[in-house]
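Residue-level structural notes
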Amino acid sequence: MKKLILSTALALTTMPVVAQDNRDDVQEMLGFCEEEYPTFSVGVCMGRIQGIYEFLAFNCKYNPDGPSMDAVGVSYGAVQQVFINWANANPKNWNDHWAVGLATALEETFPCNN
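Treat the numbers as computed from the prediction; the structure is a model and nothing was measured.

1. Some words on the nonpolar core
- Counting residues in each nonpolar core, the largest one holds 28 residues, and the members touching the most others are Met29, Ile49, Ile52, Phe83, Leu102 and Leu106.
- Elements with a contribution of two residues or more to this core: helix H2 (26-34), helix H3 (40-62), helix H4 (76-89) and helix H5 (98-109).
- With 8 residues, the top contributor of residues to this core is H3.
- Aside from chain neighbours lying at most four places away, what touches isoleucine 49 is Met29, Cys33, Tyr76, Val79, Gln80 and Leu102.

2. Focus on the side chain of serine 68
- Within the fold, serine 68 resides in the loop between H3 and H4.
- For serine 68, the contacting residues outside a window of four places in its chain are Leu56, Asn59, Cys60, Glu107 and Cys112.

3. A look at the packing of H3 against H4
- Their axes nearest at 10 Å, the elements H3 and H4 cross at an angle of 100°. Judged by the inter-axis angle, H3 sits roughly perpendicular to H4. Packed against H3, whose contacting residues are Cys45, Met46, Ile49, Gln50, Tyr53 and Glu54, the element H4 presents Tyr76, Gly77, Val79 and Gln80 at the interface.
- Considering only residue class, the contact of H3 with H4 consists of 6 nonpolar, 3 polar and 1 charged.

4. A look at H3
- Here H3 is 23 residues long and its end C-alpha atoms lie 33 Å apart, about the 33 Å a rise of 1.5 Å per residue gives.
- Among the structural elements, H2, H4 and H5 are those in contact with the buried residues of H3.

Rules behind the numbers
Residues numbered from 1 in each chain as written. Predicted model: local features only at pLDDT ≥ 70, side-chain atom pairs only at ≥ 80, totals over all residues. Heavy atoms only, no water. Core = buried A, V, L, I, M, F, W, Y, C linked by side-chain atoms within 4.5 Å. Buried < 20%, exposed > 50% of the residue type's maximum accessible area, 1.4 Å probe, protein only. Helix = DSSP H or I, 4+ residues; strand = E, 2+ residues; numbered from the N terminus. Contact = heavy atoms within 4.5 Å. Axes fitted to C-alpha atoms, helices over the stretch in contact; angles between N-to-C directions. Parallel < 35°, antiparallel > 145°, perpendicular 65-115°, else oblique. Nonpolar A, V, L, I, M, F, W, Y, C, P; charged D, E, K, R; others polar. Expected span 1.5 Å × (residues − 1).

Here it is in structure tokens:
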């Protein structure tokens, strides 16, 4: 039994470690959004889009002085394309946090007029 535990522990400590690249930046988000359906990455992209979209739309209605946008009736798929276009046109922003890049793309494209 001791040999089994020792050999298991030895095997686990000598296994290669795979580094994960958790950048959370615009470039990573762009990669998620450019994937073809259906993938986990596209799910991450669309989930993030939905969250930022709803936050900015809420602000346009109730807090227009904060970060906001007015994209009533615009589909999440269209917003995805807006982000892809903005990110490709602004590589200088690729190191920004993805939420900042997405919010900037939406605010520039769909300004709140309240």
